[in-house]
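# Structural features, examined
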Amino acid sequence: MGEEQNELTLVEQATQNSSNYFRQGLNCTECIMCTFLDIYNKDMPRECMALATGFGSGMGETKNTCGAITGAVMALSSVIGRKDPFAKETVRERILELKGVYSLVGEMVEEIEDHYGTLICKELSAPLGEFEGKARKKNCMEIIGYCGGLAMKYALKAEELVKEEEILAREG
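Reference entry: report on the structure contained in this document.

Rules used throughout
- Counting restarts for each chain: residues are numbered from 1 in the order of the written sequence.
- A pLDDT threshold of at least 70 governs which residues receive local features in this predicted model, and a stricter bar of 80 or more applies before side-chain atom pairs are shown or counted, although totals over entire chains, interfaces and linings include all residues.
- Based on all heavy atoms of the structure, the side-chain values leave hydrogens and waters out of the count.
- Here a strand is any run of E in DSSP of at least two residues, a helix any run of H or I of at least four, and the numbering for each starts at the N terminus.
- Computation of the radius of gyration draws on C-alpha atoms, with the globule rule given as 2.2 Å multiplied by the number of residues to the power 0.38.
- Remark: exposure states derive from per-residue accessible area (1.4 Å probe, protein chains only) relative to the maximum for the residue type, with buried under 20%, exposed over 50%, and partly exposed in between.
- What makes two residues a contact is simply this: any of their non-hydrogen atoms within 4.5 Å.
- Counting rule for charge: Lys and Arg are taken as positive, Asp and Glu as negative, and neither His nor the chain ends is counted.
- We put the charge of a Lys on NZ, of an Arg on CZ, of an Asp on CG and of a Glu on CD.
- By convention in these notes, a salt bridge is any Lys or Arg side-chain nitrogen within 4 Å of a carboxyl oxygen on Asp or Glu.
- Buried Ala, Val, Leu, Ile, Met, Phe, Trp, Tyr and Cys residues form a nonpolar core when they are joined through side-chain atoms within 4.5 Å.
- Pairing of aromatic rings covers Phe, Tyr and Trp, the last counted by its six-membered ring, and requires centre-to-centre distances within 6.5 Å; plane angles under 30 degrees mean stacked, over 60 mean edge-to-face, and any other angle means tilted.
- A helix is expected to span 1.5 Å multiplied by its residue count minus one.
- N or O atoms within 3.5 Å of each other form a polar contact, as long as, within protein, one can give a hydrogen and the other can take it, and as long as residues adjacent in sequence are counted only when both atoms are side-chain atoms.

## Quick notes on the overall build of the protein
The number of helices and strands found in the protein is nine helices and zero strands. Across the protein, helices and strands are ordered from the amino to the carboxyl terminus as α-α-α-α-α-α-α-α-α. For the protein, the C-alpha radius of gyration of 17 Å lies close to 16 Å, the compact-globule estimate for 172 residues. Principal axes of the C-alpha set define a box for the protein whose edges measure 55 × 40 × 30 Å. Taken across its 172 residues, the protein has 40% of its residues classed as buried. Considering only contacts in the protein between residues 6 or more positions apart, those separated by 24 or more positions represent 66%. A gap of 4 Å separates the mean positions of the 19 positive and 28 negative side-chain charges of the protein.

Below you can see the structure in the form of C-alpha cells.
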C-alpha cells in the first residue's frame, strides 16, 4: 500500500483515504479530518478529531449541511485558518485577515454545490432511499472522497497563493 500511495497525487490520496475511512466506521466529517491529519497536518493533535464528530450525518443526524462538506471546510480551515485570531492588533486587521480565508473556502464550497446541486445531506441522500441503505452508503462514500480530494486541492492552492505572495513581497 505504501508504494501505491507514493504514486498517487496528494489529491488522489486524500480522495482514496477519505472514502476508505468511511468503510472503517468513521463518520463523513471525521473521514476528511482524519485524512488531513494523516497526509497534511501531521503535527496537529489527534484529539482535534473530536471537533468533527458532531457534524456527521448532516450535523447530528439532522441531515442538514452535509458532513463531508463540513469536513472539507474544517480540513481546509486547519491549513489556512487563523492559529491565533488575536495576533492582529486591531479589529479591522482581524476582519481583513478573514477575507482570504473566506474567499478560498467559499470557492471550494461553491465548487461542491455546482458539482452536486446542493449542500444539504437529506437532498444528497433522499433519492437513494433509507438512510442506512447500501445505495445511500455508497453515495456518501463517493461524496466523502470527492470532498476530501477537493479540500486537498484547495489546501495545495493555498500553498501556491502563499508562495506567490512571498515572491511579490520580496520583489515589491
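## Details of the pattern of salt bridges
Considering all chains together, one arrives at five salt bridges under this definition. As a salt-bridge pair, lysine 157 and glutamate 107 come within 2.4 Å of each other at their nearest N and O atoms. Placement of lysine 157 in helix 9 (residues 134-171) and of glutamate 107 in helix 7 (residues 91-116) is noted, with a sequence separation of 50 residues between them. Exposure remark for lysine 157: the relative accessible area of 32% places this residue in the partly exposed category. With its nearest N and O atoms 3.0 Å apart, the salt bridge here joins lysine 153 to glutamate 111. With lysine 153 in helix 9 and glutamate 111 in helix 7, the pair connects residues that are 42 residues apart, well separated along the chain.

## Notes on the nonpolar core
Residues Ala68, Met108, Ile112 and Cys147 are the most contacted members of the largest nonpolar core, which totals 40 residues. Taken together, the elements giving at least two residues each to this core come down to helix 2 (10-23), helix 3 (28-39), helix 6 (67-80), helix 7, helix 8 (121-125) and helix 9. Take this core: its biggest share by element is 10 residues, from helix 9. The contacts of isoleucine 112, once residues within four sequence positions are left out, are Ile69, Ala72, Gly117, Leu119, Tyr146, Cys147 and Leu150.

## Remarks on the packing of aromatic side chains
As enumerated under the stated definition, the model contains two aromatic pairs in all. Judged by centre distance (6.0 Å) and plane angle (40°), the rings of phenylalanine 36 and tyrosine 40 are tilted. Exposure remark for phenylalanine 36: the relative accessible area of 1% places this residue in the buried category. On the numbers, 5.4 Å between centres and 90° between planes, the contact of tyrosine 116 with tyrosine 146 is edge-to-face. Taken together, the residues tyrosine 116 in helix 7 and tyrosine 146 in helix 9 connect sequence positions 30 residues apart.

## Things to note about helix 3
Relative to the 16 Å expected for 12 residues at 1.5 Å per residue, helix 3 spans 17 Å between its end C-alpha atoms, a close match to the ideal helical length. Among the 12 residues of helix 3, 11 are classified as buried, and the element is accordingly described as predominantly covered. Three or more residues of helix 3 are buried, namely Cys28, Thr29, Glu30, Cys31, Ile32, Met33, Cys34, Thr35, Phe36, Leu37 and Ile39. Buried residues in helix 3 make contact with helix 2, helix 4 (50-53), helix 5 (56-59), helix 6 and helix 9. Where helix 3 begins, one side-chain oxygen reaches toward the backbone nitrogen of threonine 29, 3.0 Å away; that side chain belongs to asparagine 27.

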